[in-house]
Amino acid sequence: MKDSSVELRSLYRAIGELAYAIATQDSRITSLEKLVFQEATKEELGKDAWVAQDRFEALVNTPVGFHLSIEQTYNNVIFTIKQHRSALSADLFERFLSLLEKVAGVSGITELELVWIERFREDAAKLITED
């Protein structure tokens, strides 16, 4: 992040959380999903991918009983976007979607993963187009 803005860091952490939550919809995180997430964040988020990567990795290393549900995670992510929507450009939004699709696509996107990605696409798009 050029200016290491708090807003962008919050958005990057949020997309790391959502990617983790979506990737766990088939009840597990594979080594390949971790690798694809690492590479996809580098590709989509550049040198500041570490922010999303750190959040994803922290969740991977958190005991299962301490995780939020996908619904709770999703609501937190949407709340973060509402708080910092001025920092979420249309380009960054598209890169977030691409990242989610790449991670979900590792073993083939399941119907459930697709539902969450499409819900994010619709809800976040509404937020970034509001004045």
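Everything discussed here concerns the structure shown above.
Residues numbered from 1 in each chain as written. Predicted model: local features only at pLDDT ≥ 70, side-chain atom pairs only at ≥ 80, totals over all residues. Heavy atoms only, no water.

Engineer: So what about the pattern of salt bridges? Which residues, and what values?
Structural biologist: The final tally for this structure, using the stated rule, is ten salt bridges. R119 is paired through a salt bridge with E71; the nearest N and O atoms lie 2.9 Å apart. Taken together, the residues span a long stretch of sequence, with R119 in helix α6 (residues 111-129) and E71 in helix α4 (residues 70-83) at a distance of 48 residues. R119 gets classed as partly exposed once you look at its relative accessible area, which sits at 28%. (Salt bridge = Lys/Arg side-chain N within 4 Å of Asp/Glu carboxyl O. Helix = DSSP H or I, 4+ residues; strand = E, 2+ residues; numbered from the N terminus. Buried < 20%, exposed > 50% of the residue type's maximum accessible area, 1.4 Å probe, protein only.)

Engineer: I'd love a proper account of the side chain of T41, names of residues and values included.
Structural biologist: Among the structural elements, T41 can be located in helix α2 (residues 31-45). Among the residues examined, T41 registers a relative accessible area of 0% and is labelled buried. Apart from the residues lying within four places of it in its own chain, the contact partners of T41 are G46, A49, A52, Q53 and L99. (Contact = heavy atoms within 4.5 Å.)

Engineer: Please set out the layout of surface pockets residue by residue, giving values where relevant.
Structural biologist: In this structure, the largest pocket occupies an estimated 330 Å³ of space. Taken together, 18 residues make up the lining of the largest pocket; nearest its centre are Y20, A21, T24, H67 and L68. For the lining of the largest pocket, the secondary-structure elements that each account for two or more residues are α1 (6-23), α3 (50-60) and α4. (1 Å grid on protein atoms, 1.4 Å probe; cavity = no way out; pocket = protein on both sides within 12 Å on 5 of 7 lines; lining within 4 Å. Points joined across faces, edges and corners; volume = space filled by probe spheres on them.)

Engineer: Kindly report on the nonpolar core, identifying the contributing residues and their values.
Structural biologist: Proteins that are soluble and globular tend to have nonpolar side chains buried together. Of all hydrophobic cores here, the largest spans 38 residues; its most connected members are L45, F96 and F120. Mapped onto this core, the elements with two or more residues apiece are α1, α2, α3, α4, α5 (90-104) and α6. At eleven residues, the largest contribution of residues to this core is made by α1. Excluding its chain neighbours within four sequence positions, the residues that come into contact with F120 are I15, L18, Y74, V77, I78, I81, F93, F96, L97, L100 and A125. (Core = buried A, V, L, I, M, F, W, Y, C linked by side-chain atoms within 4.5 Å.)

Engineer: Outline the side chain of E17, listing residues and values.
Structural biologist: With respect to the helices and strands, E17 occurs in helix α1. Apart from residues lying up to four places away in sequence, E17 is in contact with R55, L59 and T73.

Engineer: I'd like a rundown of the packing of aromatic side chains, residues and numbers included.
Structural biologist: With the rule as written, the count across this model stands at five aromatic pairs. With centroids separated by 5.9 Å and ring planes inclined at 45°, the aromatic side chains of F93 and F120 adopt a geometry described as tilted. Linking F93 in helix α5 with F120 in helix α6, this pair joins segments that are 27 residues apart in sequence. With respect to class, F93 is no different from F120; both count as buried. An aromatic cluster is defined as three or more aromatic residues linked by ring pairs; in this entry it consists of Y20, F37 and F56. (Phe/Tyr/Trp six-rings, centres within 6.5 Å; stacked < 30°, edge-to-face > 60°.)

Engineer: Lay out the environment of I117 in plain terms, naming residues and giving numbers.
Structural biologist: Checked against the element boundaries, I117 lands in helix α6. Residue class for I117 comes out buried when judged on its relative accessible area of 0%. It is 20 Å that separates the C-alpha atoms of I117 and A87, two residues lying 30 residues apart in sequence. Residues in contact with I117, not counting those within four places in the same chain, are I22, L97, L100, E101 and A104.

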